[in-house]
Amino acid sequence: MTADERRAGVELTNLDQPLSPDAGATKRDLIDYLEAVADRMLPVLAGRALTVLRLLRGRAAFMQKNVPKYAPAWVTTVPVWAEASKRQVHYVVCDDLRTLLWLANQRALEFHPSLGPAGDLRRPTHLVLDLDPPADDDFSAVVGVAHLVRQALADSGLAGAVKTSGAKGLHVFVPVDGTAAVDDVAAATRALAARVEALDPRRATTAFIVADRAGKVFVDSTRAGGATVVAAYSPRLRPGMPVSFPLAWSDLDSARPGDFTMHTAIDALAGRDPWAEHMPDPQRLPDDLIEQGRAIPVARVAAMHEGKRRARARRTPPGV
């Protein structure tokens, strides 16, 4: 094969170049992998505003929201008003293999779709909890807390699906039926995290400030609103190029984050689509869960105020 090819109508270039010094993979490996999982991955990306992590040669990796001006006319985009920068951001909407391979040829290595559809970003289709390991990266601790999440969901009359983050943690997705507004979904997420922590506060914490986590698994409830979460099956820019891989709840205890990479994931899938298979039907969020969450401060805001308070305390001499 040459270093240049054409697939799905897309000119692919420099295919034999390494993705990064420690990726253990080339651009060809990336494109081969994405082509192989496209039937499973595209339903996760379709109809959503997409942010990608790109890594160009000689540059640091960066998150790209705005589609490049040189993008082909056939690349679908959606304009979204960015309040912070006071401008329209034109996100890619990746609905087909051609767009997916074009993004890969641009060295897009990670795919982070919006939680809401492109036409209504303020209407998330999933509630998401992100489980981060303690400082020692103890994945078994994360698995233990994931089982607590499943229990808290069941106690609330809900069910979810789980996947590796592709880094060191796990993501739990709970499909919702669209009847709850974004602020209510966010409130329910906070309440669910609090219920997980209450089940075993020795293992799980909702503390947003890292210094306050005391070696516990962080149950992150901030993936709501305009947030994105890495897509199921997406590669991650880590040594060995792991991927975010769906798991059955029964398989959690035997799984390890490094088990699933661009080189091993296809064989592990064995022709199946576990993310689609394990995802429950959309559910209505219980009113009591939403009400509980409304009384819980937003973690990022609470952490910001607490950080300012601690900074003032450090600057104030004792006894003043």
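Look up: the structure comes first, before these words.
Because the structure is predicted, anything quoted here is derived from the model rather than measured.

Asker: Just to check I follow, could you spell out the packing of helix α3 (residues 139-155) against helix α4 (residues 182-199) for this structure?
Answerer: Between α3 and α4, the least distance of the axes is 9 Å, while the angle of their chain directions is 115°. Relative to α4, α3 is oriented so that their crossing is right-handed. Residue-level inspection shows Val145, Leu148, Val149, Gln151, Ala152, Leu153 and Asp155 of α3 in contact with α4, the latter providing Leu192, Arg195, Val196 and Leu199. Across the contact of α3 with α4, the residue classes break down as eight nonpolar, one polar and two charged.

Asker: Is there a simple way to think about the packing of α4 against helix α7 (residues 287-294) in this case?
Answerer: The relative placement of two packed helices is expressed as an angle between their axes plus a distance between the axes. Their axes nearest at 7 Å, the elements α4 and α7 cross at an angle of 85°. Classed by the angle they form, the pair α4 and α7 counts as roughly perpendicular. Between α4 and α7, the residues in contact are Asp184, Ala187, Ala188, Arg190, Ala191, Leu192, Ala194 and Arg195 and Asp288, Leu289, Ile290, Gln292, Gly293 and Arg294, respectively. Considering only residue class, the contact of α4 with α7 consists of seven nonpolar, two polar and five charged.

Asker: Can you help me understand the environment of Arg213 in this one?
Answerer: Along the chain, the position of Arg213 falls in the loop between β11 (204-205) and β12 (217-220). When its relative accessible area of 14% is taken as the criterion, Arg213 is described as buried. When the C-alpha atoms of Arg213 and Asn14 are compared, they prove to be 45 Å apart, with 199 residues separating the residues in sequence. Setting aside residues no more than four positions away along its own chain, Arg213 makes contact with Thr205, Ala207, Phe208 and Phe218. For Arg213, the side chain forms a polar contact with the main-chain oxygen of Phe208, separated by 2.9 Å.

Asker: Looking at this structure, I do not really get the layout of surface pockets. What am I missing?
Answerer: In this structure, the largest pocket occupies an estimated 410 Å³ of space. Taken together, 19 residues form the lining of the largest pocket, with Val80, Trp81, Tyr91, Leu121 and Gly226 sitting closest to its centre. Looking at the lining of the largest pocket, the elements with two or more residues in it are β5 (77-82) and β6 (87-92). The biggest single contributor to the lining of the largest pocket is β5, with three residues. Residues that form the lining of the largest pocket fall into these classes: ten nonpolar, six polar and three charged.

Asker: How should I be thinking about the environment of Ala268 in this particular structure?
Answerer: With respect to the helices and strands, the residue Ala268 is situated in helix α5 (residues 265-269). It is 33 Å that separates the C-alpha atoms of Ala268 and Leu121, two residues lying 147 residues apart in sequence. Residues within four places of Ala268 in sequence aside, it is in contact with Phe245 and Phe260.

Asker: Any chance you could explain α7 here in plain terms?
Answerer: Residues that lie three or four places apart on an α-helix share one face, since the helix turns once every 3.6 residues. All buried positions along α7 are accounted for by Leu289, Ile290 and Gly293. Buried residues in α7, looked at end-on, bunch into an arc of 100°, giving them a common side. For α7, the elements touching its buried residues are α4.

Asker: When you look at the pairing of strand β3 (residues 50-54) in this model, what are you seeing that I'm missing?
Answerer: Across the five residues of β3, five count as buried, placing the element largely inside the fold. Residues Leu50, Val52 and Arg54 point to one face of β3 and Thr51 and Leu53 to the other, with burial holding for every one of them. Both β3 and strand β7 (residues 108-113) contribute to a ladder of five bridges, which runs antiparallel. Bridge pairing in β7 places Thr51 opposite His112.

Asker: Could you clarify how one ought to interpret the side chain of Arg54 in this entry?
Answerer: Structurally, Arg54 can be placed in strand β3. For the buried Arg54, no salt bridge is present, and the opposite-charge side chain at shortest range is Glu110, 13 Å distant. Here Gln64 takes part through its side chain, which lies 2.6 Å from a polar atom of the side chain of Arg54. Not counting the four nearest positions on each side in its chain, Arg54 is found in contact with Ala60, Ala61, Phe62, Gln64, Pro68, Tyr70, Gln106, Arg107 and Ala108.

Asker: Mind showing me how you'd approach the environment of Glu83 here?
Answerer: Here Glu83 lies in the loop between β5 and β6. Separated by 72 residues in the primary sequence, Glu83 and Asp155 place their C-alpha atoms 38 Å from one another.

The rules we used
Residues numbered from 1 in each chain as written. Predicted model: local features only at pLDDT ≥ 70, side-chain atom pairs only at ≥ 80, totals over all residues. Heavy atoms only, no water. Axes fitted to C-alpha atoms, helices over the stretch in contact; angles between N-to-C directions. Helix = DSSP H or I, 4+ residues; strand = E, 2+ residues; numbered from the N terminus. Left-handed = near helix turned anticlockwise from the far one by under 90°. Contact = heavy atoms within 4.5 Å. Nonpolar A, V, L, I, M, F, W, Y, C, P; charged D, E, K, R; others polar. Parallel < 35°, antiparallel > 145°, perpendicular 65-115°, else oblique. Buried < 20%, exposed > 50% of the residue type's maximum accessible area, 1.4 Å probe, protein only. Polar contact = N/O pair within 3.5 Å; in protein donor to acceptor, adjacent residues only side chain to side chain. 1 Å grid on protein atoms, 1.4 Å probe; cavity = no way out; pocket = protein on both sides within 12 Å on 5 of 7 lines; lining within 4 Å. Points joined across faces, edges and corners; volume = space filled by probe spheres on them. Arc of directions from axis to C-beta. Pairing = 2+ DSSP bridges. Lys, Arg positive; Asp, Glu negative; His and termini not counted. Salt bridge = Lys/Arg side-chain N within 4 Å of Asp/Glu carboxyl O.

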